[in-house]
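Chain and residue survey
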Amino acid sequence: MRAYWAIISARFRTLLQYRAAAVAGFGTQLFWGLIRVMIFAAFYRSTKSSQPMTFPEVVTYIWLGQALFAMLPWSMDGDIRAMMRTGTVAYELLRPMDLYWTWYCRAIAMRIAPTLLRAIPLVIIAMPFLGMKLPASVGSGIAWAAATVGALAVGCAITNLVSVSLFWTISGEGVSRLIPVAVWVFSGAIIPLPLLPGWAQSVLYALPFRDLVDTPFRLYLGHIPACDIWYVLARQAVWTVAMVTLGRWVMARGTRMLVVQGG
Amino acid sequence: MTGTIGLYIKYVAIAIRAQMQYRLSFVMSAIGNLLGTAMEFLMMWALFDRFKTLNGWSLPEAAVIYGIVHVAFAIGETIPRGFDVFPGMIKSGDFDRILLRPRNTVLQILGQEIQFSKVGRLAQGLCVLLWGASALHIIWTPAKIALTIGAIIGGVCFFFGLFVLQATMAFWTIDSLEIINTLTDGGVETAQFPISIYRPWFRRFFTFVVPLAFVNYFPSLAILDRPENATLPALLSWIAPGVGVAFLIVCLQAWKIGVRHYCSTGS
């Protein structure tokens, strides 16, 4: 257990060094957020009918999304890809640790460290100046925090599925491009799911991606009542267990047929 | 001049052959690019599906705007891709080698990398553009066809210019400046909706400082016969593509200054 904790904290400290990238990321997130707020503002101005989410709710939703952008499982671990290409993954297999959980710990650090660097300055700007609001109530805030931990668990399981797929594709070109699409569209990161057509909602509510963005953010807004947190956490737990099991099974098959190139 | 074009064609042929060595990877990248960028249209469609109209613009009209900028960006990020990887060449000192060769620096940088997987964005942009145009029953006069093609060429030049500008800055900063990405990727994101929906300061910035509005917004007003045309100078839509070309020429001048200023990192 201590070894895994050491991996998380070592990776975490390494990733906190990328401050220039964080500044650039902060600028990009701010710009992107501004565009999206203006687009939604124009659409809301164009209609008189009432919508499933109010415009101020959407604004808070967008800034929350920009702040927590780095937490979504939209990228793969570059070091793991390099390991697969160069064959140093063989050393990883020799270590007296479970490879799946080692990678899972790397994923946790990879999602938290850059998020902290970007989220704090973004919220400091967005709260007073750009219309982002506090959680709807204390209960909503606590429920959101809990669901965010759950979202991290789901997200790292997805990240690991992508990493494990490298046993087959090596370059990861295809998977690394398709996963972000699924994550963006299906999680509600681009458009809040309540604004989508009904049939799309019923499909997306059944998928795990929703628990990355949709449920935590709507708990924050009070759009999903805080008392539903147990249902959300249960969903997240079931999906995490399912994807971890799948990931471990795929990894076991992958390591059995692994051929390390070079010498 | 013919030698220059001949050399560029050779670069293209090499790039195609190199990328065809990993055919599956190429196909996957192209499909990934297609789906990844088509998602933007999906978002636009979903918003129109819910809100029906956007400041008096319908979905097919917005689709024409969207299509032009996506097609322009697909080509405009394929050709000057070498400029995108240029900061790495400065760091490694590889630019010294380029300076030693008796050929134009711009041409050689262009030859460094050409990524054809952006054909995915090109395909979806073109489909959206043609769908929008056919849904609107646009009467394609020769002038309108010329303006559409001109707008795309102007847009290619505009994005080309931004990549050149980004590379030029690396002469001073050594490192790559991510901030330009907000103008390239962010520019597409911005310009896939009519620029008139944004706030005035934002609109002015993307009209007068960075001439993004000339890529697709102004030409589309004439192509779609939009009512906004009445309040604007009649010729504006027709000369808009020229602004993109002028922008590229200015950026290439900046590049020349950068090359003169260059001193090797010496590694």
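Computed from a predicted structure; not experimentally measured.

What counts and how
Residues numbered from 1 in each chain as written. Chains lettered and ligands numbered in written order. Predicted model: local features only at pLDDT ≥ 70, side-chain atom pairs only at ≥ 80, totals over all residues. Heavy atoms only, no water. Helix = DSSP H or I, 4+ residues; strand = E, 2+ residues; numbered from the N terminus. Rg over C-alpha atoms; globule rule 2.2 N^0.38 Å. Buried < 20%, exposed > 50% of the residue type's maximum accessible area, 1.4 Å probe, protein only. Areas by Shrake-Rupley, 256 points an atom, 1.4 Å probe, with all protein chains shown as cover. Lys, Arg positive; Asp, Glu negative; His and termini not counted. Charge placed at Lys NZ, Arg CZ, Asp CG, Glu CD. Axes fitted to C-alpha atoms, helices over the stretch in contact; angles between N-to-C directions. Parallel < 35°, antiparallel > 145°, perpendicular 65-115°, else oblique. Left-handed = near helix turned anticlockwise from the far one by under 90°. Contact = heavy atoms within 4.5 Å. Nonpolar A, V, L, I, M, F, W, Y, C, P; charged D, E, K, R; others polar. pLDDT = per-residue confidence, 0-100. Patch = residues over 30% accessible without salt bridge, like charges linked within 9 Å, V, L, I, M, F, W, Y side chains within 5 Å. Salt bridge = Lys/Arg side-chain N within 4 Å of Asp/Glu carboxyl O.

**Notes on the overall build of chain B**
Of the regular secondary structure elements, chain B holds 13 helices and 0 strands. Along its sequence from the N terminus, chain B presents helices and strands in the succession α-α-α-α-α-α-α-α-α-α-α-α-α. What you see for chain B is a C-alpha radius of gyration of 19 Å, in line with the 18 Å of a compact globule of 267 residues. Seen along its three principal axes, the alpha-carbon backbone of chain B occupies a region of about 60 × 40 × 35 Å. A burial count over chain B gives 52% of its 267 residues as buried. Surface exposure of chain B reaches about 12,000 Å², of which carbon and sulfur atoms provide 69%. Charged side chains of chain B number 19 positive and 14 negative; the gap between the two group centres comes to 6 Å.

**With respect to the packing of helix 9 (residues 142-173) of chain B against helix 10 (residues 181-191) of chain B**
Residue and element names in this part refer to chain B. Between helix 9 and helix 10, whose axes approach to 9 Å, the crossing angle comes to 160 degrees. Comparing their axes, helix 10 and helix 9 come out roughly antiparallel. When you trace helix 9 past helix 10, the crossing you get is left-handed. Here Phe 159, Leu 162, Phe 163 and Gln 166 of helix 9 lie close against helix 10, whose contacting residues are Asn 181, Leu 183, Thr 184 and Val 188. Class assignment of the residues belonging to the contact of helix 9 with helix 10 gives a composition of 5 nonpolar, 3 polar and no charged.

**Brief notes about the confidence of the model for chain B**
Mean pLDDT over chain B stands at 88; residues scoring 70 or higher make up 97%. The ipTM for the predicted assembly is 0.89, set against a pTM of 0.89.

**As for a nonpolar patch on the surface**
There is a patch of nonpolar side chains on the surface, built from Leu 178 of chain A together with Val 27, Ile 31, Leu 34 and Leu 35 of chain B and spanning about 350 Å² of accessible area. What makes Leu 35 of chain B partly exposed here is its relative accessible area of 39%.

**Here's the deal with unusual backbone geometry**
Residue and element names in this part refer to chain B. Positive phi outside glycine occurs at Asn 55, with the angle close to 45 degrees. Looking at the secondary structure, you find Asn 55 in the loop between helix 2 (23-51) and helix 3 (59-78). The class of Asn 55 is partly exposed, set by a relative accessible area of 32%. Residue Asp 225 is not a glycine yet carries a positive backbone phi of 50 degrees.

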